[in-house]
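# Report on the structure
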4 protein chains.
Amino acid sequence: MDTRFTGVIPPVVTPFKNGEVDYDSLDRLIELLIEGGVNGLFLMGSSGQTAYLTDAQRDAIIERTVAKVAGRVPVLAGAIDTTAARVIEQAKRARALGADAIVASCPFYALNDMAEIEDHFRAIHEAVDLPLFAYDVPVRLNGKKLDTAMLVRLGTEGVLAGVKDSSGDDVSFRRLVAANEKAGHPLAVLTGHECVVDGMLLLGADGCVPGYGNVEPRPYADLWEAAQRGDWAEARRIQDGICAGFEIVFVPVGRSGDAGGIGSFKTVMEAQGTIASNEMPFPLRALEGEVKEGVLAIARERGLI
Amino acid sequence: MDTRFTGVIPPVVTPFKNGEVDYDSLDRLIELLIEGGVNGLFLMGSSGQTAYLTDAQRDAIIERTVAKVAGRVPVLAGAIDTTAARVIEQAKRARALGADAIVASCPFYALNDMAEIEDHFRAIHEAVDLPLFAYDVPVRLNGKKLDTAMLVRLGTEGVLAGVKDSSGDDVSFRRLVAANEKAGHPLAVLTGHECVVDGMLLLGADGCVPGYGNVEPRPYADLWEAAQRGDWAEARRIQDGICAGFEIVFVPVGRSGDAGGIGSFKTVMEAQGTIASNEMPFPLRALEGEVKEGVLAIARERGLI
Amino acid sequence: MDTRFTGVIPPVVTPFKNGEVDYDSLDRLIELLIEGGVNGLFLMGSSGQTAYLTDAQRDAIIERTVAKVAGRVPVLAGAIDTTAARVIEQAKRARALGADAIVASCPFYALNDMAEIEDHFRAIHEAVDLPLFAYDVPVRLNGKKLDTAMLVRLGTEGVLAGVKDSSGDDVSFRRLVAANEKAGHPLAVLTGHECVVDGMLLLGADGCVPGYGNVEPRPYADLWEAAQRGDWAEARRIQDGICAGFEIVFVPVGRSGDAGGIGSFKTVMEAQGTIASNEMPFPLRALEGEVKEGVLAIARERGLI
Amino acid sequence: MDTRFTGVIPPVVTPFKNGEVDYDSLDRLIELLIEGGVNGLFLMGSSGQTAYLTDAQRDAIIERTVAKVAGRVPVLAGAIDTTAARVIEQAKRARALGADAIVASCPFYALNDMAEIEDHFRAIHEAVDLPLFAYDVPVRLNGKKLDTAMLVRLGTEGVLAGVKDSSGDDVSFRRLVAANEKAGHPLAVLTGHECVVDGMLLLGADGCVPGYGNVEPRPYADLWEAAQRGDWAEARRIQDGICAGFEIVFVPVGRSGDAGGIGSFKTVMEAQGTIASNEMPFPLRALEGEVKEGVLAIARERGLI
C-alpha cells in the first residue's frame, strides 16, 4: 500500500463568488485544511462540485492547489468523465498540472457491466503514469457498485493504488477490507462514509474522505489519531460530536441532492470566514433565509461560529 | 412548431474500425438513411455511443455529417455533458460546425431538482442560438424524468423547440402531447419508443427517433406516411414487421446495456454492407460467435440480409 | 383464448363508509358498470384497495358481487398474498364464493427469481380449478416484471388463461402480444394502461382493466367497440376525452400512491352519486378541501357531474 | 427502554422437512440458541421465511417456540402483513399464543407515505397490548425507509418499544441512536446489520438481530459481551471471524434473494446436525451440488463442521 494516501483526505470544496471560482477563498481553505492536520487533499470530488466545472476551471483549480500546497501533503485529483477515453484526457491534464494521484470515476451515462469497467480502469492506468484510485459512488452512477474481487485483483496487479468508497454499503466495504488484507494489502481503502468513520476505522479502513472535513478538519484528524492508538471510546466520542455538526445537511429539506449538502457546508464555511461566499455554481442556488439560519444555529450550538 | 424537426429522425450510429471512427462507413450510412426517406438526422445520441467519444471525435463526426448531408435534411446534434456550463461548450462547437439544432441532455452525475433543470435549459438557450431540444432519457440519468408542465412552459417561451422522449412513460408522453396542443403546439414532440411508434403517432407524436432506423430506415418512413394519411391498420402492420426485426436486441443476453442493443444493430449493418465492421468503442466488445449468429438469423428471417 | 375474459374489465373500487365496506354503494357501482357496457368485473385489484382488506372483508365483497352480478358478466377475483401457499388459500375461498377466474399476484415481500415465480403460478393452477390470470404490477413488487417467454409457456400449457399487465412497459407488452400470437393466442392479454388503451388495442391487446373505468365505464366500452371495427381515429378521440377526465389523479400532489389516485376516483364517484362517500380504508384519508375542489372542477369541465 | 429486548436476538430460521415445518428441528435450534447465550428470539422474521408460511403454520411455530423456551428468554413475533387491519389480526393471534412482543412490518404492497405509516403503528399499538417494535427493512418494501423523527416520537409516546433496523443505512441508524438518546432512550434500537455489529454497537446500538446467529450464536454473544465491557479490539476480532463464516451467503451466485442467504445458513445447520434438512419452503429449492459443497467448504475452514 502506498502510505502517502492514508488518513484524512477531505474532498476540497470549490468556493465561488460572482459566478466565478474564488481562488483567494480556495487558498484560505487549503491552508485551513493543512493546519487542521489532514493527510492529503482530494480535488474534483463531489464536494468540489466537479460536474459543474468546465475543463478550464478544473485545470486552474488543480494548478492553484498544487502551488499552494507546495508538497506539504499529497494532492489527489478526480478525473470525472463518462468513459475511459475522456477520463484519460482529464487525468493527463491533472498529471501535467502536478497532481500526485488520480481518482477515476467508473463510467457514467454509459451503461457498462463489470468486465467493461475493469477494462476501463486498466486503460486509464496504462495511459496515465500516476497512482490510480477507483471512485465508488453508486448514487451518482445509476446505482452501480464496484465489485470487490475486481478491485482487489486490480490492486494486486498494480493497476489500482486504492479505492474511495462512497457507497455506504458496509458489508461490501468490510469484505473489501478483508479481501485486501488477504491479498497483502495492496489497496489503500478509504471510506467516504463521513458519519461512521469511527466504525469504518474499527473494521479496518485505511483512511477517510469526509466532505464535512471542510467545515471541521481537526476533529477528523483527532479521530484518526485516536483510532491509530486503539482508543475507540474516544473515537466514538469525537465522531458523535462531528455528527452533531453534520446535522446541518438535513436542514435544507426539499433542496436537490447537490444543493442541500454542499450548500450547508458552504454556509458554515462562509460564517467561519474560510470562504467569502456560500455561493454555488449555476444552477445551484445558495442557501438563504430560514434555511440558512437553521444551518447556522446548529453550527453555533456546536461552537463552530 | 418548427416543422423541419418532425417525422423520422434516426439517431445515427457511429461506425468504428481498428479503434477509430470509420468515416467512410459513416458516409455510406448517411446516404442510406437519406435514401431511406428519413426526415432528419440526430447525431450524438445514445445510438451514436456519444459517451465514448472524445470532443475531437464528436467534432469530426458533426463536421463530416454536415458536409455529407449538404442540407438535404436537418442535422440535430446532441450536446451531452454533465451540466449547463459544459453542455454549452459542446453546443457552441456543434453550432460552429453546422448543426441545425441542439439536443441537450438534462444534468447527469449532478443531482438536481426540476427548478435547477429548468434553469439549465434556459441557460443553454440563451448561450446558443439554435433550436433546442430537451433529451428525456431517465435510464441514463438515475431515473430522472422531465416534468411535463416545465417542458410546455419552456416551449411556449421559445426556450425549447422540442422534446426527444426516451422515457418509455406513455402516460406522461400523452399528457405532454395534450398540454402541448392546448398551448398552441410550440414543441415538436418526438418519441424514442421505437417499438411503439404506431401507437405513439396515433396518440399525437410529431415524429420518432428510432435507433433501429439505422438498420431499417424505409419501414419507419412508410409507417410515418401511413400515419399521416390515417391508415392505422397499415401503420400497425409495418410496426409489427419492424418489431420482428428488432428482436435482435434481445439476443445478446447478459451483455451490458450499451453493448447489447447497439451491438446487434451494428452486427446487422455490417452484414448489410452499410458499415465495414460491427466494432464498438472501447471498452465495448463487438458481438461474435453464437450471439452474432443469433442476431444474423433473425435478420435473415426478416429479409434484411 | 377464453373469450369471456376480453374487452373492458374494470377493477372494482371498494366503497367505504364509517370505517366499514359500504355494500349498498357497491351494489350501485356494480349496476352502473354493467349498464356502462363493461365485459367483466375484476375484484381485489389495486383499485379495490385489497391490501387494506381483511380476509373476511374480501370474502364478503366477492359474495355480494357474485350475487349482484348474477351471471351477467364474468367476475374475476384477485388472490393477493405474499406466496403461493397463501395465495392458494385466498383463491380457494374466492372459488367457493363463485368467482369465475383468479388473478394471482406474483410473490411479494418474498424475493424470488423467475424460475421460482413460474413454479408459483403452476402450484396455484394445480390447486385451484379456475382460469388463472397472472398479475404483472412491478410498482407494487419491488420492480419485478414477469418474463414474456414464461408467460407464453404457461399459456400454452394451460396454466395461465391470461395476463393483467400493469407494468407500463410497452416493449415487453408488444413482445408478449406477438409471442402469444405466434403460440396460437392461448392468453387473453389485458392492459392496465388506462391512458393508452387506444394504442394498446392498436398493437393487439385483448382488453383493458382501467381503474378509471369506475368513473367513466361507457367511454371505455365505446373505445373497445371503435377498436373492434378498426376506427382508430374515433378510438383516439374517445381516449383523449377519457384522459382529460383522468387528469383528476394528478391533482392530489404530495399524497401517497394509494391515496391520490383512488382518492380522486372516489371523490368524483361520490359527486356522481355512485357511492355514498369518498372515504378510504385506514390509514388512507379521503381527499378534502382544495384538493377535492380541484378534482371536482376537472370532473365538472368534463361533464361528469 | 425495556431492557428485556437488548443484546443478541436472532431471527429464528424455520426448519422444513418433506414439505412441512419440522418441529423437532425447531426444538433443537431453540435449545442451541439459548445455550449459545442469546438474549431473546425473534420469530417470523425474514430468516424465518415468514412470507412462505400460512397463518396455521405461523401459529404453530409460535406456540411450539413459546412452549420450548418456557420463559428463559423473551420471544418476539413478527406480524407481517400488508396493512394495519391485517397486521393486527396476525399480532392478536401471536399475543394469544404467548409472544412477549410484536415486530410489525410497515405496510407493503400498499403504497403509503410516512404519515400513513405513523398511523399504521399507532393503530397496531392500540389494538394489541404488547411491546411493539417497528421493522425497518426497505429491501422488501419497495425501498421504503422509516423516518427517524417519527420513530423517536412514537417511542416517546409509548407506541413503540423499539426498532429492528435492517436498512443498512448507517447514517440514519446513527441519527436514530442520537435522537433516541436525546429523548431519554425510550427505544431499544436493534441492528440487523449482521456483518457490522461491532461498528453498530460502537456507535450505540442496543442489540442485534443476526440471521447468521442461527449458525453461530456463541460468537455473537461473546461480541455483545466484549462491547459491553468496551473491548473493541476484541469485538472486531470476533466480528472478523463471524464474517469469515458469513462468506457462505456469497457462494450461491445467481440464486434469488430468498434462496441464497437462508439456503446457505440451512446448509451449514444441516451439516452441524441442528436441523434435519436444508430444505426450504416452496418454491425455494435447497442448495445442492457444487454450491452446497462450496458453502460447506467455508464452514469447514471456519471450524463449524
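All of these numbers come straight from a predicted model, not from anything done at the bench.

## Observations regarding the relation of the copies chain B and chain A
Overlaying chain B on chain A yields an RMSD of 0.0 Å, the required transformation being a rotation through 180° with an accompanying axial translation of 0.0 Å. Those values place the two copies in the arrangement expected of a two-fold rotation axis.

## Considering the interface of chain D and chain C
Taken together, the 43 residues of chain D in the interface contact 43 residues of chain C. Interface of chain D and chain C: buried area, both sides summed, is about 3,400 Å²; carbon and sulfur atoms make up 54% of it. At the boundary of chain D with chain C, the tally comes to six salt bridges. A salt bridge links D119 of chain D to R285 of chain C, with the nearest nitrogen and oxygen atoms 2.6 Å apart. Counting residues per element, the ones that place at least two in the side of chain D that touches chain C are α2 (55-69), α3 (84-96), α4 (114-127) and α10 (257-272) of chain D. In terms of residue count, the dominant contributor to the side of chain D that touches chain C is α3 of chain D (five residues). Grouping the amino acids of the side of chain D that touches chain C by side-chain chemistry returns 19 nonpolar, 12 polar and 12 charged.

## Thoughts on the UniProt feature "active site" (unreviewed entry) in chain A
The UniProt record annotates "active site" (unreviewed entry) at Y135 and K164 of chain A. The greatest C-alpha distance among the annotated residues, which extend across 30 residues, is 4.9 Å, indicating that they converge on a single site. Of note, Y135 of chain A is situated in strand β7 (residues 132-136). Ignoring any residue separated from it by four or fewer positions in sequence, one finds Y135 of chain A in contact with F42, G45, S46, I80, V103, A104, S105, C106, L146, K164 and S166 of chain A together with Y109 of chain B. A polar contact is formed between the side chain of Y135 of chain A and the side chain of S46 of chain A, at a distance of 3.0 Å. Assignment of secondary structure puts K164 of chain A in strand β8 (residues 162-165). Of the residues examined, K164 of chain A reaches a relative accessible area of 6% and is grouped as buried.

## Focus on the relation of the copies chain D and chain C
Of the transformation superimposing chain D on chain C, the axial component is 0.0 Å and the angular component is 180°, with the fit at an RMSD of 0.0 Å. Mapped onto chain C, 100% of the interface residues of chain D are again interface residues, and the two copies thus contact each other with one and the same surface.

## Observations concerning the environment of D22 of chain A
Residues and elements named next belong to chain A. By secondary structure assignment, the location of D22 is in the loop between β3 (20-21) and α1 (23-35). Judged by its relative accessible area of 10%, D22 is buried. Through-space distance from the C-alpha of D22 to that of I275 is 8.3 Å; in sequence the pair is 253 residues apart. Other than its neighbours up to four places away in sequence, D22 contacts P15, F16, K17 and A276. In this structure the side chain of D22 is engaged in a polar contact, spanning 3.3 Å, whose partner is the backbone nitrogen of D24.

## Observations concerning the interface of chain B and chain A
Taken together, the contacts link 43 residues of chain B with 43 residues of chain A. In this assembly, chain B packs against chain A so that about 3,400 Å² is buried in total across both faces, 54% of it on carbon and sulfur atoms. Our count for the contact surface shared by chain B and chain A stands at six salt bridges. The interface formed by chain B and chain A includes 20 residue pairs in polar contact (both at pLDDT 80 or more). The biggest single contributor to the side of chain B that touches chain A is helix α3 (residues 84-96) of chain B, with five residues. Among the residues forming the side of chain B that touches chain A, the class breakdown is 19 nonpolar, 12 polar and 12 charged.

## As for the sheet that holds strand β5 (residues 75-79) of chain A
Residue and element names in this part refer to chain A. Taken in spatial order, the eight strands line up as β1-β10-β9-β8-β7-β6-β5-β4 in an open sheet, and their pairing is parallel. Of all the strands in the sheet, just β1 (7-8) and β4 (41-43) have a single pairing partner and so form its edges. The sheet contact formed by β5 and strand β6 (residues 101-105) spans four bridges and is parallel. What sits directly across from A79, in β6, is A104.

## A few points about the sheet that holds strand β7 (residues 132-136) of chain B
All names here are of chain B. Spatially, the eight strands line up as an open sheet ordered β1-β10-β9-β8-β7-β6-β5-β4, and their pairing is parallel. Every interior strand has two partners, whereas the edge strands, β1 (7-8) and β4 (41-43), have only one. With two bridges joining them, strand β9 (residues 188-191) and strand β10 (residues 207-208) adopt parallel strand pairing. What sits directly across from T191, in β10, is C208.

Cut-offs applied
- Residues numbered from 1 in each chain as written.
- Chains lettered and ligands numbered in written order.
- Predicted model: local features only at pLDDT ≥ 70, side-chain atom pairs only at ≥ 80, totals over all residues.
- Heavy atoms only, no water.
- Least-squares fit on C-alpha atoms with pLDDT ≥ 70 in both.
- Contact = heavy atoms within 4.5 Å.
- Buried area = accessible area lost by both parts, 1.4 Å probe.
- Salt bridge = Lys/Arg side-chain N within 4 Å of Asp/Glu carboxyl O.
- Helix = DSSP H or I, 4+ residues; strand = E, 2+ residues; numbered from the N terminus.
- Nonpolar A, V, L, I, M, F, W, Y, C, P; charged D, E, K, R; others polar.
- UniProt positions renumbered as here; feature names shortened; annotations may be inferred.
- Polar contact = N/O pair within 3.5 Å; in protein donor to acceptor, adjacent residues only side chain to side chain.
- Buried < 20%, exposed > 50% of the residue type's maximum accessible area, 1.4 Å probe, protein only.
- Pairing = 2+ DSSP bridges.

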